[in-house]
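What follows is each chain in one-letter form.
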Amino acid sequence: MRTRSRYCLTNCFEYYKVAGSHRKKRGTLAMAAAQGGEPGPWLCGVSVMCCLTLACSYVGSLYVWKSELPRDHPAVIKKRFTSVLIVSLLSPLFLSLWKELTGVKTDAPLLCLMGFRIEGIIAAIVLPLLLTMVLFLGPLVQLSLDCPWDFLDGLKVAFDPRFWMLCVTDMRWLRNQVIAPLTEELVFRACMLPMLVPCTGPGPAIFTCPLFFGIAHFHHVIEQLKFRQGTVFSIFLSAVFQFSYTAVFGAYTAFIFMRTGHIIGPVLCHSFCNYIGFPAIFGAFEHPQRATVILFYVLGVVLFLMLIYPMTEPTLYGDLPICNLLVKGSTEYSSLCS
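- The name given to the protein chain in an unreviewed UniProt entry is CAAX prenyl protease 2, with Hymenochirus boettgeri as the source organism.
- The Subcellular location (unreviewed entry) field of the UniProt record for the protein chain holds the comment "Endoplasmic reticulum membrane".
- As recorded by UniProt, the Catalytic activity (unreviewed entry) comment attached to the protein chain reads in full: "Hydrolyzes the peptide bond -P2-(S-farnesyl or geranylgeranyl)C-P1'-P2'-P3'-COOH where P1' and P2' are amino acids with aliphatic sidechains and P3' is any C-terminal residue."

## Details of the UniProt feature "transmembrane region" (unreviewed entry) in the protein chain
At step 1: Within this structure's numbering, the places UniProt gives as "transmembrane region" (unreviewed entry) are residues 40-60, 81-98, 118-141, 232-257, 263-285 and 292-311.
At step 2: End-to-end, the C-alpha atoms of residues 81-98 are 26 Å apart, and along that stretch the chain is 100% helix and 0% strand.
At step 3: What you have in residues 263-285 is 78% helix and 0% strand, and the ends, taken at the C-alpha atoms, are 36 Å apart.

## Points about the packing of helix H10 (residues 171-200) against helix H14 (residues 264-276)
At step 1: Viewed as axis vectors pointing N to C, H10 and H14 meet at an angle of 135°, and their least axial separation amounts to 8 Å. Relative to H14, the element H10 is oriented oblique. Once H10 is placed against H14, the crossing between them reads as right-handed. Contacts from Asn176, Gln177, Ala180, Pro181, Leu182, Glu184 and Glu185 of H10 reach H14 at Pro266, Val267, His270, Ser271, Asn274 and Tyr275.
At step 2: Across the contact of H10 with H14, the residue classes tally to six nonpolar, five polar and two charged.

## Some details on the state of the cysteines
At step 1: Enumeration over the complete set of coordinates arrives at two disulfides.
At step 2: Here Cys44 pairs with Cys199 through a disulfide, and the sulfurs are 2.3 Å apart. Sign of the S-S torsion, about 110° for the bond between Cys44 and Cys199, identifies this disulfide as right-handed. Of this pair, Cys44 sits in helix H3 (residues 43-60) while Cys199 sits in helix H10, and the two are 155 residues apart along the sequence.

Cut-offs used in this document
- Residues numbered from 1 in each chain as written.
- Predicted model: local features only at pLDDT ≥ 70, side-chain atom pairs only at ≥ 80, totals over all residues.
- Heavy atoms only, no water.
- UniProt positions renumbered as here; feature names shortened; annotations may be inferred.
- Helix = DSSP H or I, 4+ residues; strand = E, 2+ residues; numbered from the N terminus.
- Axes fitted to C-alpha atoms, helices over the stretch in contact; angles between N-to-C directions.
- Parallel < 35°, antiparallel > 145°, perpendicular 65-115°, else oblique.
- Left-handed = near helix turned anticlockwise from the far one by under 90°.
- Contact = heavy atoms within 4.5 Å.
- Nonpolar A, V, L, I, M, F, W, Y, C, P; charged D, E, K, R; others polar.
- Disulfide = S-S within 2.5 Å.

And the structure:
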């Protein structure tokens, strides 16, 4: 992370040394000047440090409560709800402070930059979630084949208020399906991406932002070591796998946020993926209906690759607030905002 910070700072200083360099114009130092702002030379450094501080604040809030109980204990979950919600509610202040420190000016309101807006909301709710379900077509078919209920029984359960009462009173369900998706997307996407885009541009920001998200999940190693939930080697391998998976997933939800300009899509996709979990790929090869399951795994990936750009076409979601952070006429602006 320090290497990335030094790299960004070097780019920022080089921009001022070589004003005519086309490569440096990709940064929105030029954008801010064109829109009336006067960003300081520390734009990239401030952006990275704000993101890092925000990530540390989110993870640190989980450990302000001293407890010998495991993370899945209801008492621990309730306390952590309180701390992460406080950090999440304060997270817009980081974005506001970043704007003051860097001098970046934008016509878009703060909440709009964070993806809280009405324009295109229906498409933002339906299309990204549907796209994610297409990607998980194989696991969904696998689950349906293994489910003892038929379709009508499933509908009855889904529309039964007692089922949802059981869910909302289950602390683990609330954490995995509501609080974690909402707070993590708010902090790691809605607040961080607007801070990174002026430094790196939209493309690199999509792949930089998930690094903070992946690193934030390393704190699980502390709890696994504390409660001896495996050998040091197995815990380390688990942490590396989780970092890789969360980084890829974070890039995907960052892509959705950037293309739709809404926070609701990433939140719903996050909740859905938490429910499905990591696809049981090896289990598919041992399934009694192996050919069918594998076929839908492949079909899901192929359809996802075909639909990812059409279903996230920015024109479906109205004017994107993130475009206020890009130079009009630049390649990035033309590809995302025109």
